[in-house]
Every structure is written in structure tokens, then in C-alpha cells.
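Overview (structure and organization)
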Amino acid sequence: MNNLGLRQSVFVMLSIFLLIIDGCRSGGDSSPPAATGGAVSLSGSIKLVTGGTIILSGSIKYEDKLYDNSGFTGSTIFKPIRFASIEVVRDIDSAVLSSTITDSDGIYSLVFTNTDSPGIYIRVIAETSNLHVKNNVINGNIYAARSDTFDTSKAGDFTTLSVWAGGAFNILDVLTDGMIFLSSLTGTPQPMLTAFWEKNSCDGTYFDGFDNSIHLLGGCPVANPGDTDEYDDDIILHEFGHFAAANFSEDDSQGGDHFLDDNTEDIRLAWSEGWAHFFSSAIRGNPRQVDTILSIASSFEIEGPSPLASSTIYTTSEVSVATVLWDIFDNTNEAFDALSLGISPIWDVFYGYLPTAPSVSIEDFWDGWFKRGHGFETEMLNITEDRKMELFEDNFEQDNSPDPTRKITVNEPAKHHTIYPLGDKDVVAFDVTQGQTYTIETLNLSNGADTFLEILDSNGTTVIASNDNYSGITYPINCFMCPPNDATTLSSRVKITASNTGILYARITRSSSAPNSAGMYGSYDLKASFP
């Protein structure tokens, strides 16, 4: 057995912790898998009581690796292994003589008798009442750390150290923080959550709602060499945010590739990932998100946001969503941010309203915020407008019906409009000359807009031309390969030759065939021109 890190205490009692895989907890001498560093430290004492009773008590900690925006600093700190199962096992027959749960300081006390061989070992298991940390889906074995065998016939103090087991217990500890935070919001016990992580695994980092499991990168030699997430607290809690959404709210995202600087995402995906970014930061009380990769790191901040401020705009950006939620939540306020409301009203909408929404996005959060009576409309508008979310009526309202005095001029600069509130219609007039051809189009779509353009005759009623998507591509409402929410894909354009001199009308609404990846609302520019 490897005795690296062995320390001798006051009494000559030697023990060493190794990382093993503990499936059925039947004991045995499983070989430790190759795991990244990070020690587990056990200290305590053995007391012999009259009548053969033995009391083994002490504390157990794991070594956490510290990191900053640039990656791991090289510093470590020992933290208690909290609320974990710990057992005394007789070596000769693997009988569990006593078991208990460590407390919030990693302290344990085990009381037992041993009428057989005095050789025992201590085993701490990477599980709590609602958390398991396992190696992989196929084997499903729970990580554990065990001591070398030692003699309980002699009283004394001991301290032991292992260089193997820290990573699995860091996952357990970080998720324990998440569970404590979640319990403070729900007031109820949390569902069971399993985390899968294994050195050199080619599994990715994601949450699987099918079995309530978090999967973490293990540094796949082929796809992600050296990129392991067992010490990436921010990333672990991001996935925990998805767990919270799956169990206490609604998440309609189809998943798939997503990028921090993309502001054309599926609006459901932007909400899902934005929520997870925010929830990770809320649990940690830190807007910075860090992902370590070997000796370096990638990082961004949702306070600001930095360094992605110019691209993280609109309701279709995950960082923009996270930034809005953080500005509602936090106590650090910019000039436009006058809110410091904490997590309670956010959770109220997340838990109490979003499960009723047909296709969850930041738009539903916005609607739910006011329907649940949380107010602060001006302050909320300031926060969302900073990220160029336009959840308000445009300057041309009320323009829901034809009015010959409300005109756009052919070839003048495009006019900016919003599709808001639900069911909004923008109707504008334009002058035409018999025989002249005109192009009417929606441009620069943003915030998940999908326009439908109709040209109405001078009576303001008869539709003489219409267009949904100028590209000619029709996307299913329940799309699988969904279009980007960019400036042009879901835009509309009509070319029409005037049969009479006079006035025609352009009517723009949200497309009734909009894919679920688009928004209920949105923004666009309207322009009339000569072809």
C-alpha cells in the first residue's frame, strides 16, 4: 500500500487514505483509480471503554485547490467533508461495525464493539442523504476513501493523509453548498442527485434530466486532454442550476452547442444557460465564472458583463440573461441598476410562474415578474435596456390599426419598432404612385423577433400581399434544427407594384408560424424603398 504523505502521531498508529471505488460497500481492497491530486486528511482518537466498547472520534477533511481568473494558483486549503457517510469496517470479514454521518465541521464519532480480529479500517463515502458521487454510468460505483488497517486494541491519537481522494470530495462539497442554498429557498428536502466524474473519461460536462445526474469532464485524452472539472466549482454549480430548473421550474431548452458571445441563440437555450450561469454565481456570491483548463483558465463576469459587454445583448444571449438576473439580485449597482432584491423574488417567479409558461424564456420571466406582483417597472426596464432587451412598446404606439396620417416615407431611414406586448400590431401607411414598384421589408431583427408582413389596400382591410420569411424557408413551430435569431433569417420582404396612386398600409405582427426558438416579442426596423 502506498504510504505517501504518512504522518506519525503521538502514538505509533499509522494509517493512510486511498481513493477506492465502493460499489456495494462490501469492503475489499480495490485498487485506486488514477485520480487527480488533492488529499484527504483524517485525525482522531481511539478510546477503549469498559465492557469492550470502542469510541473512535475525530474529524475528516479534503484538500481543495484554489483558483483565480487565471487558473489554479498552486495554493490549497483543507475543508471539512460535511454530512458524509463514514464507517468502521472490520478488515478480516468486511463487516461494518458502526456507521454515522459527519457534521458540518467534518466531525464524526463512531461507537462499536469488536469481538473478532482487532484490525479495522475507516471508510468515508462520497455521499450524503441526497448526493452521490460516482465514477461512471456503466459501473455506477460510489467513490470512497479508506484507511489502512490498524489495531483498535490500543488507545491513542492518529493523523493520516492521502494524496488521492480530494477531487471526488470536492464535487460532493460543492454540491452540498448547492443543496443547502436550494433548501433555503424551498424549505423542503431535495431530490437525489448523482454526479459522475472519472479521470480520463470522455463523457462531457452536462446535466441529464432523465436520471437527475450531473456529468463532469475527466480530461478525455482524445477530445479534452487535461480538461477536468472536478475542482471547477463554478462549472459544477452551473450544472446544479440546471438541476434546480429541472426539479423546481421548467426548462424547455433543446440543449446543443452554445457560446458566450452568441446573441442569436434559441431564446429557450439563452434562458436555460443564462439561469445556470446566474444560479452558480448566486450560490457562490460571486459574478465571476471560471473554467480551468490545465494551468490556464477561461473566465467571464456577469457583473458588467466583462469582457463580453458589446456582444452579450438581447434576450437571445445567455450572458445577457445572466447579467439581468444578477443585477436584480446583487448589491453592487451601476448607474442604471437600482435593485438589490436578493434571490427571493427571482425564485418566486422561477418556481411559482415559469412552470406554467408554454415555452420558457426571459420573456416569460419578465411577464411573470409583474404578474407575481414584484413591481419596480422603471428599475427593471433600466436593467433590461442596458442589455438592449426591448420589453416595451415602441415610440409609434398606438399603431395597431390603419391611420393615413401615420406614414413612413419611401427611401427614408428605417424606423425601429418592437413587437410588444403580446398580440401587438404595427400598422403604417406609405404613399404610392400607380405603376411604381416598392419594396417593404423588416430589417435588423433582434430579441427573438419573427415578423409577418402584410400589405393592405387603401381600405386598410384587404390583404394584397404578404410574406413570412423572405428566405422562403419555413421552419416547424416545434423545430429540431431551429433557425438562429439573427438579423435576417426570420425577416420579411414584399415587393409590390401599385395599381393606383394613393395610400397602402404595411402591417407587421409576430408570425403565427414562428418556431419555438424565437420569442413572443422582439425588435425590428421597417423600411420602404424603391427596388
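These figures come from a predicted structure and were not determined experimentally.

Another point: the pairing of strand 24 (residues 502–510). Strand direction decides the pairing type here: strand 19 (residues 426–432) and strand 24, joined by seven bridges, are antiparallel. Across the sheet, residue Ala-429 finds its bridge partner in strand 24, namely Tyr-505. Pairing of strand 21 (residues 451–456) with strand 24, which is carried by six bridges, proceeds in the antiparallel orientation. Residue Ile-455 lies in a different strand from strand 24, and its bridge partner there is Ala-506.

This part covers the sheet that holds strand 21. Where strands meet in a sheet, backbone hydrogen bonds hold them as pairs that are either parallel or antiparallel. On the basis of which strands lie adjacent, the open sheet formed by four strands has the order 19-24-21-22 and antiparallel pairing. Whereas interior strands pair on both sides, the edge strands pair on one side only; in this sheet they are strand 19 and strand 22 (463–467). Neighbour to neighbour, the strand axes of the sheet diverge by 25 degrees on average, direction disregarded.

This part covers the side chain of Asn-212. Mapped onto the elements of the fold, Asn-212 is located in the loop between strand 14 (206–208) and strand 15 (213–215). A polar side-chain atom of Asn-212 sits 3.4 Å from the main-chain carbonyl oxygen of Met-192. Residues within four places of Asn-212 in sequence aside, it is in contact with Pro-191, Met-192, Leu-193, Thr-194, Phe-207, Phe-243 and Asn-247.

Our focus in this paragraph is the nonpolar core. Membership of the largest hydrophobic core comes to 89 residues, with the highest contact counts inside it found for Leu-56, Phe-240 and Phe-365. For this core, the element with the highest residue contribution is helix 1 (residues 166–186), accounting for ten residues. Membership of the second largest hydrophobic core comes to 26 residues, among which are Val-410, Val-428, Leu-490 and Ala-498.

The next point concerns the packing of helix 2 (residues 233–248) against helix 3 (residues 267–284). Each pair of packed helices can be described by the angle between their axes along with the distance between the axes. Interaxial distance between helix 2 and helix 3 falls to 7 Å at its minimum, and their mutual angle equals 120 degrees. Of the two possible hands of crossing, helix 2 and helix 3 adopt the one that is right-handed. Listed contacts from helix 3 to Asp-234, Leu-237, His-238, Phe-240, Gly-241, His-242, Ala-244 and Ala-245 of helix 2 are Ser-272, Glu-273, Trp-275, Ala-276, His-277, Phe-279, Ser-280, Ile-283 and Arg-284.

With that settled, the discussion passes to the packing of helix 2 against helix 5 (residues 344–352). With their axes 9 Å apart at the nearest point, helix 2 and helix 5 run at an angle of 50 degrees to one another. The orientation of helix 2 with respect to helix 5, classified from their angle, is oblique. Contacts between helix 2 and helix 5 involve Ala-244, Ala-245 and Phe-248 from the former and Trp-347, Phe-350 and Tyr-351 from the latter. Classifying every residue of the contact of helix 2 with helix 5 by side-chain character gives six nonpolar, no polar and no charged.

To continue, consider the pattern of salt bridges. Here the structure, examined in full by the defined rule, presents 16 salt bridges. The salt bridge partner of Arg-387 is Asp-386, with a shortest N-O separation of 3.2 Å. Of the charged contacts in the structure, one is a salt bridge between Arg-493 and Glu-441, with a shortest N-O distance of 2.9 Å. Of this pair, Arg-493 sits in strand 23 (residues 493–497) while Glu-441 sits in strand 20 (residues 437–446), and the two are 52 residues apart along the sequence. Assessed through its relative accessible area of 28%, Arg-493 is described here as partly exposed. You can call Glu-441 buried: its relative accessible area is 10%. Several salt bridges converge on common partners, so that one network encompasses Asp-64, Lys-79, Arg-82, Asp-173 and Asp-177.

Compared with an ideal rise of 1.5 Å per residue, which puts 18 residues at 26 Å, helix 3 spans 26 Å between its outermost C-alpha atoms and is within 8% of the ideal. For helix 3, the tally of buried residues reaches 17 of 18 residues, placing the bulk of the element in the interior. At the C-terminal side of helix 3, Gly-285 shows a positive phi close to 65 degrees.

Spatially, 18-25-20-23 is the arrangement adopted by the four strands of the open sheet, whose pairing is antiparallel. Each edge of the sheet is formed by a strand with only one pairing partner; in this case those strands are strand 18 (415–419) and strand 23. The sheet shows a mean angle of 25 degrees between the axes of neighbouring strands, direction not considered.

Looking now at a nonpolar patch on the surface. Where nonpolar side chains cluster on the molecular surface, the patch consists of Phe-83, Ile-101 and Ile-180 and spans about 250 Å² of accessible area. Residue placement: Ile-101 occurs in strand 6 (residues 96–101). The exposure class assigned to Ile-101 is partly exposed, which follows from its relative accessible area of 45%.

For the rest of this paragraph, the subject is the environment of Gly-373. Following the sequence through the fold, Gly-373 ends up in the loop between helix 6 (362–371) and helix 7 (377–386). The exposure class assigned to Gly-373 is exposed, which follows from its relative accessible area of 61%.

Now for helix 1. With 21 residues, helix 1 extends 30 Å from end C-alpha to end C-alpha; this agrees with the ideal 30 Å at 1.5 Å per step. Gly-187 lies just past helix 1 and shows a positive phi near 70 degrees.

Right, let's talk about the pairing of strand 16 (residues 288–293) for a bit. Pairing of strand 16 with strand 17 (residues 296–301), which is carried by six bridges, proceeds in the antiparallel orientation. Note that in strand 17 the partner of Asp-291 across the bridge is Ser-298.

To continue, consider the state of the cysteines. Summed over the entire model, instances satisfying the criterion amount to two disulfides. At a sulfur-sulfur separation of 1.9 Å, the disulfide partner of Cys-202 is Cys-220. Around the S-S axis, the bridge from Cys-202 to Cys-220 shows a dihedral of about 65 degrees and counts as right-handed. Placement of Cys-202 in the loop between strand 13 (193–196) and strand 14 and of Cys-220 in the loop between strand 15 and helix 2 is noted, with a sequence separation of 18 residues between them. According to the relative accessible area criterion, Cys-202 is exposed, its value standing at 54%. Judged by its relative accessible area of 2%, Cys-220 is buried. The partner cysteine of Cys-479 in its disulfide is Cys-482, sulfur to sulfur 2.0 Å.

Moving on, we get to the packing of aromatic side chains. Per the stated rule, a full pass over the model turns up 23 aromatic pairs. With a centroid separation of 6.0 Å and an interplanar angle of 90 degrees, the aromatic rings of Tyr-67 and Phe-72 are classed as edge-to-face. Taking the centre distance of 5.1 Å and the plane angle of 45 degrees together, the rings of Trp-326 and Phe-329 count as tilted. Here Phe-329 and Trp-326 lie together in helix 4 (residues 318–329), a separation of three residues that amounts to about one turn.

Parameters and conventions
Residues numbered from 1 in each chain as written. Predicted model: local features only at pLDDT ≥ 70, side-chain atom pairs only at ≥ 80, totals over all residues. Heavy atoms only, no water. Pairing = 2+ DSSP bridges. Helix = DSSP H or I, 4+ residues; strand = E, 2+ residues; numbered from the N terminus. Axes fitted to C-alpha atoms, helices over the stretch in contact; angles between N-to-C directions. Polar contact = N/O pair within 3.5 Å; in protein donor to acceptor, adjacent residues only side chain to side chain. Contact = heavy atoms within 4.5 Å. Core = buried A, V, L, I, M, F, W, Y, C linked by side-chain atoms within 4.5 Å. Buried < 20%, exposed > 50% of the residue type's maximum accessible area, 1.4 Å probe, protein only. Left-handed = near helix turned anticlockwise from the far one by under 90°. Parallel < 35°, antiparallel > 145°, perpendicular 65-115°, else oblique. Nonpolar A, V, L, I, M, F, W, Y, C, P; charged D, E, K, R; others polar. Salt bridge = Lys/Arg side-chain N within 4 Å of Asp/Glu carboxyl O. Expected span 1.5 Å × (residues − 1). Patch = residues over 30% accessible without salt bridge, like charges linked within 9 Å, V, L, I, M, F, W, Y side chains within 5 Å. Areas by Shrake-Rupley, 256 points an atom, 1.4 Å probe, with all protein chains shown as cover. Disulfide = S-S within 2.5 Å. Phe/Tyr/Trp six-rings, centres within 6.5 Å; stacked < 30°, edge-to-face > 60°.

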